[in-house]
Amino acid sequence: MSSPSKRREMDLMKLMMSDYKVEMINDGMQEFYVDFHGPRDSPYLGGVWRIRVELPDAYPYKSPSIGFVNKIYHPNVDEMSGSVCLDVINQTWSPMFDLVNVFEVFLPQLLLYPNPSDPLNGEAAALMMRDRAAYEQRVKEYCEKYAKAEDIGAPPEDKSSDEELSEDESDSSDEQVAGKADP
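Residues numbered from 1 in each chain as written. Predicted model: local features only at pLDDT ≥ 70, side-chain atom pairs only at ≥ 80, totals over all residues. Heavy atoms only, no water.

### Observations concerning the nonpolar core
Right, on to step 1. In terms of nonpolar packing, the biggest core is built from 39 residues, with Leu15, Phe32, Trp49, Ile51, Val53, Phe103 and Leu107 touching the most fellow members.
Right, on to step 2. Elements represented by at least two residues in this core include exactly helix H1 (3-17), strand S2 (31-37), strand S3 (48-54), strand S4 (65-68), helix H3 (99-112), helix H4 (122-130) and helix H5 (132-146).
Right, on to step 3. The biggest single contributor to this core is H3, with 8 residues.
Right, on to step 4. Contact partners of Phe103, with chain neighbours within four places excluded, come to Leu15, Tyr20, Val34, Phe36, Ile51, Val53 and Pro108. (Core = buried A, V, L, I, M, F, W, Y, C linked by side-chain atoms within 4.5 Å. Buried < 20%, exposed > 50% of the residue type's maximum accessible area, 1.4 Å probe, protein only. Helix = DSSP H or I, 4+ residues; strand = E, 2+ residues; numbered from the N terminus. Contact = heavy atoms within 4.5 Å.)

What follows is the structure, given as structure tokens:
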């Protein structure tokens, strides 16, 4: 049946044409990484996550498997595995959806509107319900610690100009040009 493989190719091309950085894991088109930026108007703004996507043989009739590679603090994302608890991907997937929907609608909605009543990260859910400001501060700390473009192997955004960077950021980016030190 050639229809699912053509659809897979078409959806992957559409995702690449939408300015997402896509990195294939192997020769096939079933496993790849996508760099995803935190949405505006959220404490995740400025964060960049590498998302692992696996397309099943039956895609688009069966949903893709989506997981965060670098850590994110969120009630509906398992902190250790990066698994996502998202109904539209896990239960209500339809062939009408495509990969661009995942990155332009579903994941931004997940970050903008967490659901603490159905958590994969109980600590994040409890903190969010108990103290929203402390939760948002923890999210920002995780973004700073785990979700920088350089941490996932991506160069900093080309759209940024040197004038927009503070002196501290300019100095650190100068050091990164020389390469990262071995741990």
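### Some details on the sheet that holds S2
Right, on to step 1. Spatially, the 4 strands line up as an open sheet ordered S1-S2-S3-S4, and their pairing is antiparallel. Edge positions in the sheet fall to strand S1 (22-24) and S4, since each has one partner strand and no second. Here the strands of the sheet are splayed against their neighbours by 25° on average, with no regard to which way each runs.
Right, on to step 2. Pairing between S3 and S4: 4 bridges, direction antiparallel. Along S4, the bridge assignment pairs Glu54 with Ser65.
Right, on to step 3. Contacts from H1 reach S1 and S2, with the element oriented near 135° to S1.
Right, on to step 4. Those strands touched by H3 are S2, S3 and S4, and its axis lies near 50° from that of S2. (Pairing = 2+ DSSP bridges. Axes fitted to C-alpha atoms, helices over the stretch in contact; angles between N-to-C directions.)

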